[in-house]
Amino acid sequence: MKIDVLTLFPKMFEGPMGESIIGKAVDKGLLDINVSNFREYSDNKHQTVDDYPYGGGAGMLLKVQPIYDNLKAIDEANPTVKKRVILLDPAGKQFNQAMAEEFSQEEQLVFICGHYEGYDERIRTLVTDEVSLGDYVLTGGELGAMVMIDATVRLLPDVLGNQTSAQTDSYSTGLLEHPQYTRPAEFKGMKVPDVLTNGNHKLIEEWQLKESLRRTVQRRPDLLADLELTPQMAKFLAEIQQEEAEQ
């Protein structure tokens with residue numbers, strides 16, 4: 001996968017994009033990340049990228065020309081590839097695991113990181129997606145882009161040592177992930193559930209599914225509205241509701 005990032009602060013990406021899983025993916029040749037400063041594409045002799053809004057208002061707006069020319073250069077460098085161009089914007093569609101999975105299927109992603117008060121509206125005609133990290137406002141789109149890149153890249157084939165891990169993460173299955181334990185089997189009186197140590201894989205899988213349902217009911221019951229329950233899940237859910245009522 002190839003990822004391009006348009007930003008006014010390219011140094012922000014030097015550490016996060018070169019470490020851990022993303023850094024290893026780059027080293028393996030599974031990922032190519034290019035970060036460009038769209039200020040360098042300004043046709044103004046002072047390299048300004050923002051201006052006052054027509055009609056008045058607070059703050060400054062990013063101008064369309066530098067971003068247009070930066071995107072044009074990216075397209076000319078790789079003209080045969082269809083690109084997903086993502087505008088980081090608090091008013092955009094909220095990012096989630098399903099979107100990360102969708103992005104991971106693309107050959108090339110381009111992230112535009114905003115700053116100042118907002119964008120010249122004509123910038124929106126250049127993008128395929130307008131995405132927000134959540135219902136809050138950051139000083140710029142850089143941190144949001146890093147989070148989306150991380151969530152997307154870890155889903156690429158061969159990036160994680162155990163790809164099954166990504167497939168069973170919270171939200172990937174529609175449920176929150178079940179509780180997990182490692183050694184020791186007992187710590188300060190807190191014991192690992194017996195079912196996880198008895199070697200019966202069928203019982204372990206059933207426990208994991210039921211506890212995923214329980215955690216979802218307790219912490220994110222809204223997720224159940226979009227979940228297609230199997231007969232086994234419906235049975236477990238009824239048991240959980242009965243158990244919760246008795247507590």
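Conventions we followed
- Counting restarts for each chain: residues are numbered from 1 in the order of the written sequence.
- Confidence filtering applies because this is a predicted model: local features only for residues at pLDDT of at least 70, side-chain atom pairs given and counted only at 80 or more, and all residues used for totals across whole chains, interfaces and linings.
- Each side-chain value is derived from all of the structure's non-hydrogen atoms; neither hydrogens nor water enter the calculation.
- UniProt positions are given in the numbering used here, feature names are shortened, and annotations may be inferred rather than shown by experiment.
- Two strands make a pair as long as DSSP finds a minimum of two bridges between them.
- Where helices and strands are cited, they refer to DSSP runs of H or I of at least four residues and of E of at least two residues respectively, numbered from the N terminus.
- The domain boundaries here were taken from an automatic or database domain assignment.
- Expected helix span is given by 1.5 Å per residue-to-residue step, counting one fewer step than there are residues.
- Partly exposed residues are those whose accessible area sits between 20% and 50% of the maximum for their type, while under 20% is buried and over 50% is exposed, using a 1.4 Å probe and protein chains only.
- Directions pointing from the helix axis toward each C-beta atom define the arc.
- It only takes one pair of heavy atoms within 4.5 Å for two residues to be counted as in contact.

- The name that an unreviewed UniProt entry assigns to the chain is tRNA (guanine-N(1)-)-methyltransferase, with the source organism given as Enterococcus thailandicus.
- Taken verbatim from the UniProt record of the chain, the Catalytic activity (unreviewed entry) comment is "guanosine(37) in tRNA + S-adenosyl-L-methionine = N(1)-methylguanosine(37) in tRNA + S-adenosyl-L-homocysteine + H(+)".
- Here the chain is described in UniProt, under the heading Subunit (unreviewed entry), as follows: "Homodimer."

1. Examining the sheet that holds strand β3 (residues 50-51)
Picture the strands of a sheet paired through backbone hydrogen bonds; they go either parallel or antiparallel.
Here is step 1 of the chain: Read from one edge of the open sheet, three strands run β3-β4-β7, paired in mixed fashion. The two strands at the open ends of the sheet, each matched to only one other strand, are β3 and β7 (118-119).
Here is step 2 of the chain: Strand direction decides the pairing type here: β3 and strand β4 (residues 61-62), joined by two bridges, are antiparallel. For aspartate 51, the partnering residue across the bridge sits in β4 and is leucine 61.

2. A closer look at the domain arrangement of the chain
Here is step 1 of the chain: With domains assigned, the chain is organised as domain 1 (2-154) and domain 2 (173-246).
Here is step 2 of the chain: On a C-alpha basis, the centroid separation for the pair domain 1 and domain 2 is 39 Å.

3. Observations regarding helix α7 (residues 231-246)
Here is step 1 of the chain: If you check α7, its first and last C-alpha atoms are 23 Å apart, about what 16 residues at 1.5 Å a residue would give, namely 22 Å.
Here is step 2 of the chain: Every buried residue of α7 is listed here: Met233, Phe236, Leu237 and Ile240. Along the axis of α7, the buried positions cluster into a sector of 105 degrees, meaning they face one direction only. The exposed residues of α7 that point more than 90 degrees off its buried face are Pro231, Ala245 and Glu246.
Here is step 3 of the chain: Buried residues along α7 sit in contact with α6 (201-219).

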